[in-house]
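Secondary and tertiary structure notes
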Amino acid sequence: MHTNPQDLHVVLVTDCGSTTTKALLFERTAAGWRQTYRGEAPTTVEEPVADVTVGALNAFQEVQELSGRTILKSQSNGSHPFVLAHGAKPHGINLYLSTSSAGGGLQMMVGGLVSQMSAESAQRAALGAGAIVLDTLAADDGREDHERVERIRHLRPDIVLLTGGVDGGAKEQVIELAELLLAASPRPRFGDTLRLPVIYAGNRDAAEEVNALLSRVAEVSVVPNVRPEIGREELGPARHAIHEFFLSHVMSHSPGYGKLLSWSPVPVMPTPAAVGDIVHAHAKRTGLNILCADIGGATTDVFSVFRDPQGEQIFNRTVSANLGMSYSVANVLVEAGIDNIARWLHFECTPQELRDRLRNKMIRPTSIPQSLEDLWIEQAVCREALRLSLSHHRSLAVGLSGVQRQRGIADIFSQQENRESLVDMLKLDLVIGSGGVLSHAPERLSAALMMLDGFELAGLTELAVDSIFMMPHLGVFASLDADAAQEIFEHDCLISICHTVVPVYRGTPRELCEVRFDGHVVGVVMADEVRRIDIPPYRKGEIELLPLQRTVDVGAGPGTPLKKEIRSGQEGFLFDGRNRPLYHPVERAHRMTRQTATMQALGLHSGE
Amino acid sequence: MAQAFTPGLQILSNTLVRRIRELPLTGEVDVKVGEMVSSDTIVLRAALPGDLVLVRGPEELGVDAEEFQQLLKVEEGQQIAEGALIAEFRAFFGLLHSVLRSPASGTIEFIAPRTGHIGIRRPPRPMAVKAYVSGKVVAVDKGRSVTVETPAALIQGIFGVGGERVGTLRMLRIEPDAEISPDDIPTDCSGCILVGGARPTIESLRKAAAQGAKGLVTASIDDQCLKSYLGYDLGIALTGDEDVPMTVVITEGFGRLPMSPRVLEVLRQLDGRAASMSGVTQVRAGAVRPELVVPREADGSSRASQEPLVLKEGSRVRLIRFPYFGLFADVLSLPSKPERIATGAVTRVLRARLADGKVITVPRANVELVG
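The structure contained in this document is the topic of the report that follows. For clarity, every value in this text was computed on a predicted model and none was experimentally measured.

As a further point, take the side chain of Ser-118 of chain A. All names here are of chain A. Mapped onto the fold, Ser-118 is located in helix α2 (residues 118–128). Looking at Ser-118, the relative accessible area reads 5%, which means it is buried. Leave out the neighbours within four places in its chain, and Ser-118 touches Gly-112, Leu-113, Thr-163, Gly-164, Gly-165, Val-226 and Arg-227.

Written out as structure tokens, the structure is:
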């Protein structure tokens, strides 16, 4: 197979998810790189099949049938099942790539000395590598030793990342943390004959002793410190080690993955890592502040790229492991509460009825809304899942404690401002929604409204969705050909829905801001009103937001106008005059009237 | 004829049930292939590694780690009894004297040179795995697992809480759609698996548990009742290890749903029989559903259900989404092309006839085969 970008014309990529394996064909056409065909099949990593390649082959078969391109050999022989193409011929492929989150994805436990320093850096390294963090141990987490030992034993992670201390600092506490791990002697999730992979990325002076201690029960990899200095974070080496262990200890022991790995010259990536890579690459290329949410059946991943006070683009990922639209739908109910879900409904539904419907979705997670009422209920749940997962994300996407401060250690510990979240909604340029409830919403504007409400967007923001959940595929493709992946990302993956204009204000002004596009006034945002402004799709021009009161902020500061070059989305502009934080009337009838008015103003089906 | 794979719950009056009993780590098998076992026969044993107790010696004695190494009276690998001397500290001609004694019996696994901390591994703890169902041992994987097979009736539920239980099936004297009240729970139900009715009140669950019932198989449950029974609000359908006095399995879902006639028909034939049940539920890929297994006499008529769950014209299905939730229908056709449904989504559908003769179109994802 080819791995040189110049030799690539047809690339087949799969994402092996927990329930579905999705295969996409990327082709170099006369117009450039495009996503051309898609096939999918149930993932077969679980019993009774217990071989991931069976599901992958079924998905390839569908792509083959739809495209008319011969992809699979008629007889399986050799190291892979593919017909290889030479140049741009109508048969075969040049390369096969894959991502995977089957079997629950990569599950890690991390540990560090201080919750808001090394332990937080360890979390960021693991999350950035595409892992679900099962628990974070820290010397200051308030737990007793025996509680920590019990917790480690109970979790059975795939990999442990141990950090702590700055290089050259005190070693004892880091070694104590290693002793706790030794005491627990955790077993890996897969294969009880394997030794648990442990990555040590803490104080380099303690590395030898930690290695000697833990080598009795684990396979230890020592990498450079994730926090070599208080104000510096180096996540790359730890992230690379996680990926290495993911391939050698997790993937290769999952059913059928040995074969799948042999089909591709490029390592299989964890799905969230691939999504993170393509989001990060897009932010680098465009300079935009981006928020991306992938709301799945079991988990919600949130990715962000925002500039820190020094102007550097900082990437963060969090995963809310039990916020999702099917397997975890009842957990959204538990965490958000029934009232918070019901507040988004514009029709009568008793709490009992709402609970029953969500519980029944929990036990029959693959069912889909069949009535408008059920659809609206799921969209209400989505808003709450987005709200909760963003809140979680904000707590981790923070500046480093002590960064860039030439002061004493006491000052560093008292720096509250560095704990502020990097996520600033007024500075957010682009939101990308992914996952069935957003990507496959029957009306695109309803997906926009879910993101607008769930994230409580403010200022000027472009809203887009991932058309067919293509970001994992593009993330792994970008590891070989970033330009081609970006081209497909912009052309086929990202569907721009609209731009939202949301002034935030003090007092009770009626008219909030005037909006101009291409030099023409297109409307005025009125307080408490939501409406859509029709703009021809995909038109480039300058948008100007002119606050009409000194207390109104559209993203450039109170009373300050904002100008920006944009390309309009499919649905034009969405004006939202509801102030932030969003107000929900206490009385149910009033709330329902308000929700109905919002839906009708946007031309959404409200059943009336 | 068009057909498609679809999820469904097995409701079988006569099948061959095989259950694999596994150890979490390598151990010993207590039975042989061909041996008959009862549900409470121990088939596997293993020794779980003992807990490791961490002793922070230097901190206890108030000395630094280096000095502590000189005070030690034990070494790595040594067996030690609870209360035995680990280290002794004397200063000022014996005026200051303190000792460190072992908080646990076990083996000294390590003495950390840097911190002086000592790890004492307690002795291994024995564990045993029972057969769960009465039947014949048909396979043994040395040191790992045992497979027990029995001719049986098998009823899969949609959701359950609580672990494996064994008892005598007892039908409640109640209509299939009647809500179970405390008055419906017999006072002499100790050791029984109660069956029937719907939507039990929390008082009836507590009464059944207090009377010693092993389990309850019923049609539906109210989520607030479940919350009261568990003592917390369940977020994920991953159950089986709840600390509840009685296992509960529901066959239809949450809300006010009667038990399906097919389930009732099979259960009625089993009144008074010994049964095994499990509330273990895992609603993900490779789903595990709760179950009731009722072994029967081996007469050679039982066959393992090998048929995949295939949806085809004529299949009997249960509808699992509003507005038809809980109703049954017969599949008339499976159109090959996706169609637009009421929500605006385009998806693969089927057409089916309800009991009242009405023909409806529903997404294929929203039906369950009634096996």
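Picking up where we left off.
Residue and element names in this part refer to chain A. The 5 strands lie next to each other as β3-β2-β1-β4-β10, forming an open sheet whose pairing is mixed. The open sheet is flanked by β3 (32–42) and β10 (269–270), the only strands paired with a single partner. Bridge count for strand β1 (residues 10–16) against strand β4 (residues 95–100) is 6 bridges, and the pairing is parallel. Bridging across to β4, Val-11 finds its partner in Leu-95.

Time to look at the pairing of strand β18 (residues 192–195) of chain B. Residue and element names in this part refer to chain B. A two-sided burial pattern is seen for β18, the buried positions comprising Cys-192 and Leu-194 on one face and Ile-193 and Val-195 on the other. Bridging between strand β17 (residues 165–171) and β18 involves 4 bridges; their strand directions are parallel. The residue bridging Met-171 from the neighbouring strand is Val-195, located in β18. Note that β18 and strand β19 (residues 215–221) share 3 bridges and pair parallel. Pairing of Leu-194 across the sheet is with Leu-216, part of β19. As a crossover connection, the stretch from β18 through helix α3 (residues 202–210) into β19 is right-handed.

For the rest of this paragraph, the subject is the environment of Gly-27 of chain B. Residue and element names in this part refer to chain B. Mapped onto the secondary structure, Gly-27 falls in the loop between β3 (11–22) and β4 (28–29). With a relative accessible area of 21%, Gly-27 lands in the partly exposed category. Sequence separation between Gly-27 and Met-127 is 100 residues; the distance between their C-alpha atoms is 9.4 Å.

For the structure shown, the criterion picks out 58 salt bridges over all chains. In this structure, Arg-56 of chain B and Glu-176 of chain A form a salt bridge, with 3.0 Å as the shortest nitrogen-oxygen distance. On the criterion of chain membership, the pair formed by Arg-56 of chain B in the loop between β7 (52–55) and α1 (57–61) and Glu-176 of chain A in helix α4 (residues 172–184) is interchain, its members lying in two chains. Glu-291 of chain B serves as the salt-bridge partner of Arg-19 of chain B, at 2.6 Å between the closest nitrogen and oxygen. Remark: Glu-291 of chain B occurs in strand β24 (residues 291–295) and Arg-19 of chain B occurs in strand β3; sequence separation between them is 272 residues. According to the relative accessible area criterion, Arg-19 of chain B is partly exposed, its value standing at 21%. Given a relative accessible area of 8%, Glu-291 of chain B falls into the buried group.

Turning our eyes to something else, we now look at the interface of chain B and chain A. Contacts between chain B and chain A engage 57 residues on the former and 50 residues on the latter. In total, chain B and chain A occlude about 4500 Å² of area from one another, counting both sides; carbon and sulfur atoms represent 51% of this. Among the residues of chain B in contact with chain A, Arg-114, Arg-321 and Phe-322 of chain B are the three that bury the most area, contributing 16% of the side total. On inspection of chain B and its partner chain A, the count reaches 8 salt bridges. One salt bridge connects Asp-223 of chain B with Arg-359 of chain A, and the closest N-O pair in it is separated by 3.2 Å.

Before going further, it helps to spend a moment on the sheet that holds strand β20 (residues 530–533) of chain A. All names here are of chain A. In space, the 8 strands of this open sheet follow the order β13-β12-β11-β14-β15-β16-β24-β20, with mixed pairing throughout. The open sheet is flanked by β13 (313–320) and β20, the only strands paired with a single partner. Looking at each pair of strands side by side, their axes are set apart by 20° on average, direction ignored.

Thresholds, definitions, all that
Residues numbered from 1 in each chain as written. Chains lettered and ligands numbered in written order. Predicted model: local features only at pLDDT ≥ 70, side-chain atom pairs only at ≥ 80, totals over all residues. Heavy atoms only, no water. Helix = DSSP H or I, 4+ residues; strand = E, 2+ residues; numbered from the N terminus. Buried < 20%, exposed > 50% of the residue type's maximum accessible area, 1.4 Å probe, protein only. Contact = heavy atoms within 4.5 Å. Pairing = 2+ DSSP bridges. Right-handed = clockwise from strand over helix to strand, strands pointing away. Salt bridge = Lys/Arg side-chain N within 4 Å of Asp/Glu carboxyl O. Buried area = accessible area lost by both parts, 1.4 Å probe. Axes fitted to C-alpha atoms, helices over the stretch in contact; angles between N-to-C directions.

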